[in-house]
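Spelled out, the chains give:
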Amino acid sequence: MSAMALRSLNLPGVGTKYEFETDKGDTVAIFFTRTGTIQMYTLQKGCKTPSAAEMTPVEARRLGNILTGAIIEAEQESVEIAFSALADLRVTIHTFYIPKGIAGKTIEDLQIRAKTGATVIAVCRHDRNIINPAPSFAFEEGDAALVIGESDQIKKFEREIMVE
Amino acid sequence: MEGFIIALFVCLVLALISKYLAVPAIPFYILAGIVLGKAGLGIVQSTEISQFFSEIGLLFLLFFMGLELKLDRMIAEPSKLLTAGLIGLVVDMGIGFTAAYLLGFPLIQAFIIGTAFYITSSAIVITALIENRKLMMKEAELIIWIEVFEDLVLIVIIALLSAGDKDLLFFFLKIALALGIMYAIAHYGKEFLVSILDRDDETPILFTFAAVLTTASMAIMFGIPDTMMVIALGAALATTDPEAFEQHARPFKDVFLVMFFVFFGVTIDFASGVDLYTIGILCILAVVSKLISGMLIGLTIFGSALSGLEIWANTISRGEFSIALAVLYGSPVVGTVIAALVIVTTLVGAFTSKYSTWMRRGIVSHSRRRALVHRPHTNR
C-alpha cells in the first residue's frame, strides 16, 4: 500500500502539488497553480519526460467526475459521490422521470421516506426547478425528480415507487 | 502628465504583445522606457508623479516578497537547498563582482552589480516553469527553492547596504524594535485584521494600501530603511491571512511595478559614460556564470550534467530584484549596465527555458549515436 502514498507540498510562488505513485510504478502529479489553472503530469515507469495537460477548474472537475466513476447516461443520470474522510461515505444522486402511474400523488401519499429511505431533493418541471419540495408536493407526469440516498435506497425507490 | 499617459498606453500594448508571444514583459517595458526617455526620443520625462508611482511599485514588490516568506514551511531537505543556494551565491556573485571590479567599477558599485548579477527573477523563472509545463521535473522543485534562498540573501544584502556608515548598534536596535511592534500587531490584532480583510467593500484594499504606505513613511521618519520595513510588514502580515493580502495588494503591484520598470528605462542615460565593451562582457558572463553554477548544482545534487543544463536553462533571467538594486543603490552607470543585463538575460532565458527539453534530447541522442558508433571498436 505504500506505493499509494500521496504527497502534498506547498511550493512558494507556484501553488500546491499533489503526487503519488501507482502500484505499477507510474507517477501522477497534479499542480494547483496560483494562476488558477490545474496542471496534470503523468510519468510512465521507466520514462524520463512526463506528459502534461493543463486544465481550467471546470475541466478538472469533469475529469474528477469521470475518475470517481460517475455514470453519465443519456436519459437518467446518476452521480455517486464518495467522501473518503467520512469513513468512505457514499451518496448517490439519481434522476427519475415520473410515469403516468404516480402522477397526481404527493410525496406524502407515496411514503417515499418511510418505504425507501431516499429523499426527493428537487423536481424539474417544464424547465423550472423546485428545490426541497414539501411533503404536500404533487407530481405531474414528465416531472424529473432528483433523488438522493445510498445506492440501495435508490434501487428501492426505483422498484417500489416508480412502478406504482 | 501627457508623457506619463503615453508611457502607460505603450505599456498596455506591450503587455498584450508579450502575453500573446508568451515571453516575459519586463525587458519590453524597460526598452520602451529607454526609447521614450532620456536616452531615446525624450518624449517622456521622469517627474515627481512618476517617481512617486515608481516608488509605490517598488514598495509593493517588496511587500509581496515579505508575504511569500513563510519560513515555517521551509522544505524537506534543507541541506540540499543550502548546498545549491550557496553554490549559486558564491559562483554567480563571485564572477559578477570580480568582473565588475576588474572592469573598473568602485568596490561598492561592483558589489551591487555582483548582487544584481546573482539574483534571478522569481517572477519570470516561476512563470516559465508553469507555462513550459516543467513543474514535475525534479530540477523544478529545487529551482523554486533556490528562488526562495535568493530572496533571503537579498533581504540580508538590503539590510547591509542600507545600514551603510550609520551608527550600527542604534540602527539595528531601531530595526529590531520596529520588527517587534509589527509582529506584535500581527499577533495580537490578528482577529481584527482578518475581520477587516473579510469585508466585501473597499476597506480591505484601502487597508492594504494604507498599511504599506504608512509603514514606508513611518520608517523614513524614524531613519530606518523603508525597503526593509515593507518586507518585514509583509512577513508579519503573512502570519495572519497572506492569501487575502496578496489578493488585495496585487492590483497595486501589477500597475505600479510596470510604471517602475518603464521609468527605470526612462532615466537610463547613455551619456553617463559606459562603453558597450563593458556591457557586452558582463552580459555574456551573466549567461555563462549561470551555466557554471547550474552545472555544479546539477552535478552535486543530482549527479547529472543534464540536470545542470536544465537548471541553467531556467535560471538565466534577471529581473525585478536586479532593477530594484540599481534604483535603490546604483549610480547612473550601474543603472545602464543592469538595464542591459536584464534585457539580454530575460530574452536569452525565455528562449532557453522554452527549448531546454529539445536541447537535452539532442544531447542525449547525439551521445547515444556516438556510443553506438564507437562500441564495435572498444569491444574488439
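Before reading on, note that the structure itself is shown above.
Remember, predicted model here, so these are calculated numbers, not experimental data.

Cut-offs used in this document
- Residues numbered from 1 in each chain as written.
- Chains lettered and ligands numbered in written order.
- Predicted model: local features only at pLDDT ≥ 70, side-chain atom pairs only at ≥ 80, totals over all residues.
- Heavy atoms only, no water.
- Helix = DSSP H or I, 4+ residues; strand = E, 2+ residues; numbered from the N terminus.
- Rg over C-alpha atoms; globule rule 2.2 N^0.38 Å.
- Buried < 20%, exposed > 50% of the residue type's maximum accessible area, 1.4 Å probe, protein only.
- Areas by Shrake-Rupley, 256 points an atom, 1.4 Å probe, with all protein chains shown as cover.
- Core = buried A, V, L, I, M, F, W, Y, C linked by side-chain atoms within 4.5 Å.
- Contact = heavy atoms within 4.5 Å.
- Buried area = accessible area lost by both parts, 1.4 Å probe.
- Salt bridge = Lys/Arg side-chain N within 4 Å of Asp/Glu carboxyl O.
- Polar contact = N/O pair within 3.5 Å; in protein donor to acceptor, adjacent residues only side chain to side chain.
- Nonpolar A, V, L, I, M, F, W, Y, C, P; charged D, E, K, R; others polar.
- Axes fitted to C-alpha atoms, helices over the stretch in contact; angles between N-to-C directions.
- Parallel < 35°, antiparallel > 145°, perpendicular 65-115°, else oblique.
- Left-handed = near helix turned anticlockwise from the far one by under 90°.
- Pairing = 2+ DSSP bridges.
- Phe/Tyr/Trp six-rings, centres within 6.5 Å; stacked < 30°, edge-to-face > 60°.
- Lys NZ or Arg CZ within 6 Å of the ring centre and 35° of its normal.

Colleague: A description of the overall build of chain B should follow, citing residues and the corresponding values.
Modeller: The helix and strand tally for chain B stands at 16 helices and 0 strands. In terms of overall size, chain B behaves like a compact globule, its C-alpha atoms giving a radius of gyration of 22 Å where 380 residues would be expected to give roughly 21 Å. Looking at chain B residue by residue over its 380 residues, the buried ones come to 52%. A total of about 17800 Å² of accessible surface is found on chain B, and carbon and sulfur atoms cover 70% of it.

Colleague: Before we move on, could you go through the nonpolar core and cite the residues and values that matter?
Modeller: Y29(B), I30(B), F63(B) and F105(B) are the most contacted members of the largest nonpolar core, which has 128 residues in total. At 16 residues, helix 7 (residues 138-163) of chain B tops the list of elements feeding residues into this core. What Y29(B) contacts, discounting residues up to four positions off in sequence, is C11(B), L14(B), A15(B), V258(B), F261(B) and V262(B). Counting 18 residues, the second largest nonpolar core, distinct from the first, contains L110(A), I112(A), V123(A) and M162(A).

Colleague: I'd like to hear about the interface of chain A and chain B, residue by residue, with values.
Modeller: Chain A puts 21 residues into the contact, and the matching count from chain B is 16 residues. Taken over both partners, the interface formed by chain A and chain B buries close to 1700 Å², and the fraction arising from carbon and sulfur atoms is 63%. Of all residues in chain A, P12(A), R34(A) and Y41(A) bury the most surface against chain B, accounting for 31% of the area lost on that side. Counting every contact that joins chain A to chain B gives 3 salt bridges. Between E246(B) and R34(A) there is a salt bridge whose closest N-O contact spans 3.4 Å. For the pair chain A and chain B, the interface holds 8 residue pairs in polar contact (both at pLDDT 80 or more). A per-class count over the side of chain A that touches chain B returns 10 nonpolar, 6 polar and 5 charged.

Colleague: Can you explain helix 14 (residues 305-314) of chain B? Please cite residues and give values.
Modeller: Residues and elements named next belong to chain B. In terms of residue burial, helix 14 counts as a mostly covered element, since 8 of its 10 residues are buried. Of the residues making up helix 14, those classed as buried are S307, G308, L309, E310, I311, W312, A313 and N314. Between the side-chain oxygen of the N-cap and the backbone nitrogen of L306 there are 3.2 Å, and the N-cap of helix 14 in question is S304.

Colleague: Talk me through the packing of helix 4 (residues 78-102) of chain B against helix 7 of chain B; I want residue IDs and the actual numbers.
Modeller: Residues and elements named next belong to chain B. Orientation of helix 4 relative to helix 7, taken along the N-to-C sense of each, is 60°, at an axis distance of 9 Å. By the angle between their axes, helix 4 is oblique relative to helix 7. Crossing handedness for the pair helix 4 and helix 7: right-handed. Touching L81, L82, A84, G85, L86, L89 and M93 of helix 4 are L142, W145, I146, F149, V153 and I157, all from helix 7. Looking at side-chain class alone, the contact of helix 4 with helix 7 contains 12 nonpolar, 1 polar and no charged residues.

Colleague: Could you give an account of the sheet that holds strand 9 (residues 128-131) of chain A, with specific residues and numbers?
Modeller: Residues and elements named next belong to chain A. Sheet architecture is open: 5 strands sit in the order 6-7-10-8-9, paired in antiparallel fashion. The open sheet terminates on both sides in strands that have one partner only, identified here as strand 6 (78-83) and strand 9. Here the average twist between neighbouring strands, direction ignored, is 15°. In this structure, strand 8 (residues 119-125) lies alongside strand 10 (residues 144-149), joined through 5 bridges in antiparallel fashion. When the bridges of strand 10 are listed, V120 appears paired with V147.

Colleague: Explain the pattern of salt bridges residue by residue, including any values.
Modeller: If you walk through the whole model with that rule in mind, you get 12 salt bridges over all chains. For R125(A), the salt bridge identified is with D143(A), shortest N-O distance 2.7 Å. One end of the pair, R125(A), is in strand 8; the other, D143(A), is in the loop between strand 9 and strand 10, with 18 residues separating them in the sequence. As far as the burial class goes, R125(A) and D143(A) line up, both buried. Several salt bridges converge on common partners, so that one network encompasses R7(A), K17(A), E19(A) and E141(B).

Colleague: I'd love a proper account of the packing of aromatic side chains, names of residues and values included.
Modeller: Residue and element names in this part refer to chain B. This model, assessed by the stated rule, comprises 21 aromatic pairs over all chains. One cation-aromatic arrangement involves K138 over F302; the distance from NZ or CZ to the ring centre is 5.4 Å. When the ring centre of F117 is taken as origin, the NZ or CZ atom of R318, which lies over that ring, is 5.3 Å away.

Colleague: I'd like to hear about the sheet that holds strand 1 (residues 6-11) of chain A, residue by residue, with values.
Modeller: All names here are of chain A. Strand order in this open sheet of 5 strands is 1-2-3-4-5, and the pairing throughout is antiparallel. The two strands at the open ends of the sheet, each matched to only one other strand, are strand 1 and strand 5 (51-55). On average, adjacent strands in this sheet sit at an angle of 15° to one another, irrespective of strand direction. Across 6 bridges, strand 1 lies against strand 2 (residues 15-21) in antiparallel orientation. Counterpart to L9 in the pairing with strand 2 is K17.

Colleague: Which residues make up unusual backbone geometry, and what values go with them?
Modeller: Phi at Q111(A) takes a positive value of approximately 50°, unusual for a residue other than glycine. Position of Q111(A) relative to the elements: it lies in the loop between helix 2 (107-110) and helix 3 (112-116). A relative accessible area of 44% means that Q111(A) is categorised as partly exposed. Here A22(B), not a glycine, exhibits a phi torsion of approximately 55°, which is positive. Inspection of the secondary structure puts A22(B) in the loop between helix 1 (2-21) and helix 2 (26-36). Judged by its relative accessible area of 37%, A22(B) falls in the partly exposed class.

Colleague: I'd like a rundown of the packing of helix 5 (residues 107-118) of chain B against helix 15 (residues 320-329) of chain B, residues and numbers included.
Modeller: To characterise two packed helices, one gives the angle between the axes of the helices and the distance between these axes. All names here are of chain B. Close contact between helix 5 and helix 15 brings their axes to 8 Å; oriented N to C, the two are set at 160°. Classified by the angle between their axes, helix 5 and helix 15 sit roughly antiparallel to one another. Between helix 5 and helix 15 the crossing geometry is right-handed. Residues Q109, I112, T115 and A116 of helix 5 pack against S322, L325 and Y329 of helix 15. Each residue belonging to the contact of helix 5 with helix 15 can be placed in one class, and the counts come to 4 nonpolar, 3 polar and no charged.

Colleague: Please set out the environment of T300(B) residue by residue, giving values where relevant.
Modeller: All names here are of chain B. Locating T300 in the fold gives a position in helix 13 (residues 276-302). Sequence separation between T300 and I87 is 213 residues; the distance between their C-alpha atoms is 9.6 Å. Among all residues touching T300, those that are not within four sequence positions of it are T83 and I87.

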